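Summary of structural features
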Amino acid sequence: MKNALIITVSTLALAACGADNDENGFSTTEVDEATAASALGALHLAESGDGAVSWDSRSFDDGVYTFTGVVFDVDDDEAEEDDGDGEPDEVRAETMTLAAPRFDADGNVIFDRLAINTITMSDDDGQGAIDGFVVEQPNATMARAFAHGFSGESMDDADIEEDSWTYGLLAIEGLSFSNTGDDEPFTASFDRFAIEDLADYAIGRFELSNLLIEGTSEEAGLIRISLAEVSADNIGEALTYPFAAQMAIAGAAFSADEPNEDLSADIPEIPEDFDPLNAYENASIRGLDANVGGVIVTMDSMTASSRQNGNEIEYESEMTPLVIAPDTNYPFGAQLALGLGMMGYQQLEFVAAGASVYERDDDRAYTTGENYFEMRDGFRVEVESDMSG
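To start, this report covers the structure provided alongside it. (Residues numbered from 1 in each chain as written. Predicted model: local features only at pLDDT ≥ 70, side-chain atom pairs only at ≥ 80, totals over all residues. Heavy atoms only, no water.)

This part covers the environment of Thr368. By the secondary structure assignment, Thr368 is in the loop between β17 (364-367) and β18 (372-375). Sequence spacing of Thr368 and Gly354 is 14 residues, and the spatial spacing of their C-alpha atoms is 8.1 Å. When neighbours within four sequence positions are excluded, Thr368 is seen to be in contact with Ala355, Ser356 and Val357. (Helix = DSSP H or I, 4+ residues; strand = E, 2+ residues; numbered from the N terminus. Contact = heavy atoms within 4.5 Å.)

Below, the structure written as structure tokens:
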């Protein structure tokens, strides 16, 4: 079973910043070296190699530990079964910095920031690299998960208590990964994955930038997907709670330890003062460019926003051209070209926009401005409504 370190770093990266500095206004809590050293022991980082982490050198300056030449011992039983050689995967980092390790009022180990830079990993099937991973202001539950991971001891997913984590920032920058171990190799990369200000059913910001996946498939041929940006600001419980509930059901469904009648047992309670309209402030998808087996899909942008204006919530959305076109050099594209040709098209192009207002006190929703969905050179559907009650 994978330890918490790999779940936090590698799995999030392959799913989920940089050096330790104050360029973004981050300030480190003052802590003396004796307190920091005691907390280091609680994190299983007191001596090199005592747990899952070893290093060439370590220094302490102004409340910050800096480790150089870091090696993480990823001794994964599943990996050993797959490889057959009993050798763990290799995960290395040039530096790791730990800012202000200490204890809270309840005696739990906490810290301000953990940054791991220039990470490399490899096994028989491929290799990967991460420019930087950082977590800032994790709560005690999340810090405890890191401590378990650093210890090298195996642990169940339930012990990680991921649902109880809060933090100011979790970010991965400059990820690249390649799989060359089978007949369908692929590569994946992104510039930045970040979640900011995670609290109970609230996320300050989500960001994924410059995602690129490239590979081949025996059936489809070429697979290439690139995405310039997916982002959202001020995500609320109207989105996060249903997602958490569905994840709980899915987890129970795939668990061998829970009977079917208990699938809903782990669904979290509905948050107090739950607001079904508190979904997001801004959301956007930009720069989609995909070619899967000759089916090309491109989209400049899809944006949505909601704004609270007194008693009213104003919604706006827009999709600039979503284009579906064939690349006849590949099998799926050739089939698509044939179908489009029968309808007299070379490609399909869609645009859409919407604007509406919801009045809380009157329970009234009505459209404003343009509300339409259009297939260019095909059809246009326009919507106008005013509903109450």
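A few words on the nonpolar core. Ranked by internal contacts, the top residues of the largest apolar core, which has 49 residues, are Leu45, Phe67, Phe72, Met96, Leu98 and Leu114. Per element, the largest residue contribution to this core is 6 residues, and it comes from helix α4 (residues 140-151). For Leu45, the contacting residues outside a window of four places in its chain are Leu40, Val53, Trp55, Arg58, Phe67, Met96, Leu98 and Phe150. Core analysis: the next-biggest nonpolar cluster, separate from the first, contains 7 residues, Met299, Leu348, Phe350 and Met375 among them. (Core = buried A, V, L, I, M, F, W, Y, C linked by side-chain atoms within 4.5 Å. Buried < 20%, exposed > 50% of the residue type's maximum accessible area, 1.4 Å probe, protein only.)

Glancing now at the environment of Leu288. Note on placement: Leu288 falls in strand β13 (residues 282-292). Taking the C-alpha atoms as reference points, Leu288 and Leu211, separated by 77 residues in sequence, lie 9.5 Å from one another.

All right, on to the pattern of salt bridges then. Applying the stated criterion across every chain yields a total of 17 salt bridges. The salt bridge partner of Glu136 is Arg113, with a shortest N-O separation of 2.7 Å. Residue Glu136 is located in strand β8 (residues 126-136), and its partner Arg113 is located in strand β7 (residues 113-123); the two are separated by 23 residues in the primary sequence. Residue class for Glu136 comes out buried when judged on its relative accessible area of 14%. A relative accessible area of 4% places Arg113 in the buried class. The closest approach of N and O atoms between Arg376 and Glu349, which form a salt bridge, is 2.5 Å. Here the residue Arg376 occupies a position in the loop between β18 and β19 (379-382), and Glu349 occupies one in strand β16 (residues 348-359), the gap between them amounting to 27 residues. Each of Glu173, Arg192, Glu196, Arg205, Glu207 and Asp233 takes part in salt bridges that share partners, so that together they form one network. (Salt bridge = Lys/Arg side-chain N within 4 Å of Asp/Glu carboxyl O.)

It is worth spelling out helix α7 (residues 331-343) at this point. Think of an α-helix as 3.6 residues a turn; residues three or four steps apart then line up on the same face. Spanning 13 residues, α7 covers 19 Å between terminal C-alpha atoms, matching the ideal 18 Å at 1.5 Å per step. Among the residues trailing α7, Gly344 stands out with phi positive, at a value near 85°. (Expected span 1.5 Å × (residues − 1).)

The next subject is a nonpolar patch on the surface. Taken together, the side chains of Phe373, Phe379, Val381 and Val383 make up a nonpolar region of the molecular surface, amounting to roughly 330 Å² of accessible area. Tracing the backbone shows Phe373 in strand β18. Taking the relative accessible area as the measure of exposure, Phe373 reaches 35% and is therefore partly exposed. (Patch = residues over 30% accessible without salt bridge, like charges linked within 9 Å, V, L, I, M, F, W, Y side chains within 5 Å. Areas by Shrake-Rupley, 256 points an atom, 1.4 Å probe, with all protein chains shown as cover.)

A complete count under the given rule lists 12 aromatic pairs for this structure. Each ring, one from Tyr65 and one from Phe67, has its centre 6.3 Å from the other, and the planes form 40°; the classification is tilted. By relative accessible area, which is 0% here, Phe67 ends up buried. On the numbers, 6.0 Å between centres and 45° between planes, the contact of Phe177 with Phe186 is tilted. For Phe177, a relative accessible area of 23% gives the class partly exposed. Note on Phe186: relative accessible area 30%, which makes it partly exposed. One aromatic cluster in this structure is built from Trp55, Phe60, Tyr65 and Phe67. Across the ring face of Tyr366, the terminal group of Arg364 is positioned such that the distance to the ring centre comes to 4.1 Å. Taking NZ or CZ as reference, Arg380 lies 3.9 Å from the ring centre of Tyr372, over its face. (Phe/Tyr/Trp six-rings, centres within 6.5 Å; stacked < 30°, edge-to-face > 60°. Lys NZ or Arg CZ within 6 Å of the ring centre and 35° of its normal.)

Moving on, we get to the pairing of β19. Sheet topology note: the β18/β19 ladder contains 4 bridges and is antiparallel. Residue pairing across strands places Glu374 opposite Arg380, the latter belonging to β19. (Pairing = 2+ DSSP bridges.)

Assignment of secondary structure puts Asn291 in strand β13. A residue is classified by how much of its surface remains accessible, and Asn291, at 11% relative accessible area, is buried. Of note is the side chain of Asn291, whose polar atom sits 3.3 Å from the side chain of Asp327. (Polar contact = N/O pair within 3.5 Å; in protein donor to acceptor, adjacent residues only side chain to side chain.)

Further remarks concern the pairing of strand β11 (residues 202-217). One ladder, built from 11 bridges, connects strand β10 (residues 186-199) with β11; its direction is antiparallel. From the neighbouring strand, Phe186 faces β11, where its bridge partner is Gly215. The antiparallel pairing of β10 with β11 creates a hairpin that spans 2 residues between the two strands, and Tyr201 there sits at a positive phi of about 55°. Across 13 bridges, β11 lies against strand β12 (residues 221-235) in antiparallel orientation. For Ile203, the partnering residue across the bridge sits in β12 and is Ile235.

Below, the discussion takes up α4. Over its 12 residues, α4 extends 16 Å from the first C-alpha to the last, a length consistent with the 16 Å expected when each residue adds 1.5 Å. Here α4 lies mainly inside the structure; 10 of its 12 residues are buried. Just past α4, the residue Gly152 takes up positive phi, approximately 85°.

What follows concerns the environment of Leu338. With respect to the secondary-structure elements, Leu338 resides in helix α7. Under the relative-accessibility criterion, Leu338 is labelled exposed at 58%. Spatially, the C-alpha atoms of Leu338 and Pro326 are 9.1 Å apart, while their sequence positions differ by 12 residues.

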